[in-house]
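# Descriptive analysis of the structure
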There are 2 protein chains.
Amino acid sequence: MSRREMVRPGGRSARVQALVHTAVRELEAEVGRDALTVPLIAKHAGVTPSTIYRRWGDLRELLSDVAVERLRPDTEPADTGDLSSDLTTWAEQFLDEMASPAGRAHVRDALLGDPDGSNAGQCSGYAAEQVAAILARATTRGERTPEVETVMDRVVAPMMYRILFRPAGLDAAYARRLVADLLGAPGPGQPTAG
Amino acid sequence: MSRREMVRPGGRSARVQALVHTAVRELEAEVGRDALTVPLIAKHAGVTPSTIYRRWGDLRELLSDVAVERLRPDTEPADTGDLSSDLTTWAEQFLDEMASPAGRAHVRDALLGDPDGSNAGQCSGYAAEQVAAILARATTRGERTPEVETVMDRVVAPMMYRILFRPAGLDAAYARRLVADLLGAPGPGQPTAG
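Each value, and the rule that gives it
Residues numbered from 1 in each chain as written. Chains lettered and ligands numbered in written order. Predicted model: local features only at pLDDT ≥ 70, side-chain atom pairs only at ≥ 80, totals over all residues. Heavy atoms only, no water. UniProt positions renumbered as here; feature names shortened; annotations may be inferred. Helix = DSSP H or I, 4+ residues; strand = E, 2+ residues; numbered from the N terminus. Axes fitted to C-alpha atoms, helices over the stretch in contact; angles between N-to-C directions. Parallel < 35°, antiparallel > 145°, perpendicular 65-115°, else oblique. Contact = heavy atoms within 4.5 Å. Nonpolar A, V, L, I, M, F, W, Y, C, P; charged D, E, K, R; others polar. 1 Å grid on protein atoms, 1.4 Å probe; cavity = no way out; pocket = protein on both sides within 12 Å on 5 of 7 lines; lining within 4 Å. Points joined across faces, edges and corners; volume = space filled by probe spheres on them. Salt bridge = Lys/Arg side-chain N within 4 Å of Asp/Glu carboxyl O. Buried < 20%, exposed > 50% of the residue type's maximum accessible area, 1.4 Å probe, protein only.

Identification of chain A as TetR/AcrR family transcriptional regulator from Streptomyces orinoci is taken from an unreviewed UniProt entry.

Following this line, the structure appears as structure tokens:
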């Protein structure tokens, strides 16, 4: 179940979610992710286990929601003056965060406890929003820009695919190359990955 | 743990694996995936539960190994006469299989019961092998070909990313567009996704 569906800001629902999410983050730091249980989280959050089961179904769905919350960007993409450097800077940061042990764990949790796919969609939506902000800024500068979905296919998808399936040789140079190949329109036979 | 590490062809290890994998597939058809338990699978396979726990650790790792086995291509990519149509045909089939309910379930199982990432790497390796076979055939025809890793980034990654994170509008036309954009070297602003 997605946060969008769950939260009524300011209401009890939002307060309970904040308490439970905080409990998960604190307990994860204290006892480690594998030691988390619904009763333990409920006790720490000061709610009943049934409140958690009613709302999240099970531990995995709760961890998935917490992971999505953590994957939400907390800042606008940096404005570095032009599309190429904005997108390169963002892609390097995105890869650095997502490929980190914590980032990988959150991506896996987001996918894992997500029966209807809405949490995975939300992760993707966060990236698309950041890309759209970078492209909108470039358009106002009068720069020629690709479509958001093209950037998702050419920059975001390869990084996320390799993080999950093909992690060898993932570094900032790879992120830079993806952006350069997109904006520079490479020909066939031109490698985008080492 | 990956099949590569596990199997000693013809040995007891290989026989046990075959029995257990078959039991999982048969029980999945009979009682459904969510009703599977290690004791049930062991009974059906004629092995002890401890044999399964010793070898696979837990149910999720076993299901991950079975999923990887199912994702292994059983045929060479079709030879349709040229690179563009070989790659297009393969990409359409790949997307059709991976985006099916069974395909999505196997991809998720392969990813999620895979502590060391070797099963996910094997799924990606299967796709890379098929792509490499298509490119090698094109090279012998004297066609100019992209690198395998370029095809992974430009064709395989976007399809797999969207299957997991962004499933709207995934169809054969999307797979065709990815291949056409790769081989045709699109310029910036040219959408590869609708």
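## A word on the UniProt feature "domain: HTH tetR-type" (unreviewed entry) in chain A
Under the UniProt annotation, "domain: HTH tetR-type" (unreviewed entry) lies at residues 14–74 of chain A. The span residues 14–74 of chain A carries 77% helix and 0% strand; its end-to-end C-alpha distance comes to 19 Å.

## Examining the packing of helix α2 (residues 12–31) of chain B against helix α4 (residues 49–56) of chain B
Residues and elements named next belong to chain B. As a packed pair, α2 and α4 sit with axes 12 Å apart at the nearest point and diverge in direction by 105°. Considering their axes alone, α2 and α4 lie roughly perpendicular with respect to each other. Listed contacts from α4 to Ser13, Val16, Gln17, Val20 and His21 of α2 are Thr51, Ile52, Arg55 and Trp56. Here the residues of the contact of α2 with α4 sort into four nonpolar, four polar and one charged.

## Examining the UniProt feature "DNA-binding region" (unreviewed entry) in chain A
Mapped onto the present numbering, the UniProt feature "DNA-binding region" (unreviewed entry) falls on residues 37–56 of chain A. Overall, residues 37–56 of chain A shows 80% helix and 0% strand. The separation of its end C-alpha atoms is 13 Å.

## Brief notes about the layout of surface pockets
The probe, sized like a water molecule, is rolled over the atoms to show the empty space still left. One number sums up the size of the largest pocket: a volume of about 730 Å³. Mapped by element, the contributors of at least two residues to the lining of the largest pocket are α5 (59–71) and α7 (101–112) of chain A together with α5 (59–71), α7 (101–112) and α9 (148–165) of chain B. For the lining of the largest pocket, a count of residues per class yields twelve nonpolar, two polar and eleven charged.

## Examining the pattern of salt bridges
Residue and element names in this part refer to chain A. Taken as a whole, this structure holds 26 salt bridges over all chains when the rule is applied. The residue Asp79 makes a salt bridge to Arg141 at a minimum N-O spacing of 2.8 Å. With a gap of 62 residues between them, Asp79 in the loop between α5 and α6 (83–98) and Arg141 in the loop between α8 (118–140) and α9 (148–165) connect regions that are remote in the sequence. Under the relative-accessibility criterion, Arg141 is labelled partly exposed at 29%. Salt bridges sharing common partners tie together Asp79, Asp86, Arg137, Arg141 and Glu143.

## Describing the environment of B:Ala78
Residue and element names in this part refer to chain B. When you line up the elements, Ala78 lands in the loop between α5 and α6 (83–98). In this structure Ala78 comes out as partly exposed when scored by relative accessible area, which is 40%. Distance in space between the C-alpha atoms of Ala78 and Glu129 is 13 Å, their sequence separation being 51 residues. Those residues in contact with Ala78 that sit more than four places away from it in its chain are Asp86 and Arg137.

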